[in-house]
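# Descriptive structure summary
Single-letter residue listing:
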Amino acid sequence: QHNFGIMMLDHFFHRAGWELRTIPSSTDGQLARIAADSRFDLVGLSLSCDEHLPRLERAISMIRRESRNQSVII
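Residues numbered from 1 in each chain as written. Predicted model: local features only at pLDDT ≥ 70, side-chain atom pairs only at ≥ 80, totals over all residues. Heavy atoms only, no water.

In terms of helices and strands, the chain carries three helices and zero strands. In sequence order, the secondary structure elements of the chain are arranged as α-α-α. Overall, the C-alpha framework of the chain stretches about 30 × 30 × 15 Å when taken along its three principal axes. Per-residue burial for the chain yields a buried fraction of 19% across its 74 residues. (Helix = DSSP H or I, 4+ residues; strand = E, 2+ residues; numbered from the N terminus. Buried < 20%, exposed > 50% of the residue type's maximum accessible area, 1.4 Å probe, protein only.)

Among the nonpolar cores identified, the biggest contains eight residues, and these are Leu31, Ile34, Ala35, Phe40, Val43, Ala59, Ile63 and Val72. Of all the secondary structure elements, the ones that give two or more residues to this core are helix 2 (28–37) and helix 3 (53–66). Counting residues per element, this core draws most heavily on helix 2, at three residues. Apart from residues no more than four positions distant in its own chain, Phe40 is found in contact with Arg21, Ile34, Ala35, Asn69 and Val72. (Core = buried A, V, L, I, M, F, W, Y, C linked by side-chain atoms within 4.5 Å. Contact = heavy atoms within 4.5 Å.)

Within helix 2, the full set of buried residues consists of Asp28, Leu31, Ala32, Ile34 and Ala35. Looking straight down helix 2, one finds that the buried residues subtend no more than 160° of arc, so they occupy a single side. When the buried face of helix 2 is taken as reference, the exposed residues oriented beyond 90 degrees from it are Arg33 and Asp37. Structurally, helix 2 contributes buried residues whose contacts are with helix 3. (Arc of directions from axis to C-beta.)

This part is about the pattern of salt bridges. Scanning the entire structure with this criterion turns up two salt bridges. Among the ionic pairs, Arg55 bridges to Asp28, the shortest N-O distance being 2.8 Å. Of this pair, Arg55 sits in helix 3 while Asp28 sits in helix 2, placing them 27 residues apart in sequence. Note on Asp28: relative accessible area 13%, which makes it buried. In this structure, the salt-bridge partner of Arg65 is Glu66, at a minimum N-O distance of 3.5 Å. For Arg65, a relative accessible area of 54% puts it in the exposed group. For Glu66, a relative accessible area of 36% corresponds to the partly exposed category. (Salt bridge = Lys/Arg side-chain N within 4 Å of Asp/Glu carboxyl O.)

On their own, these measurements won't tell you what the molecule is for.
Pasting the structure below:
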């Protein structure tokens, strides 16, 4: 069920002309490398439960630090 919402967002953004990259179950390091390698205007992250909030905070910090776009919206 969690992935259904992500698939819906992917579908609607794609139909609106956005170029997307959906990367399920990535590590923080993978996300930071991807943000460093490509220029993203927007990064969306999703959690299945609140016990992962500390990891989300770390991932956001890493993405902001490593992003090619220092104005990236998360």
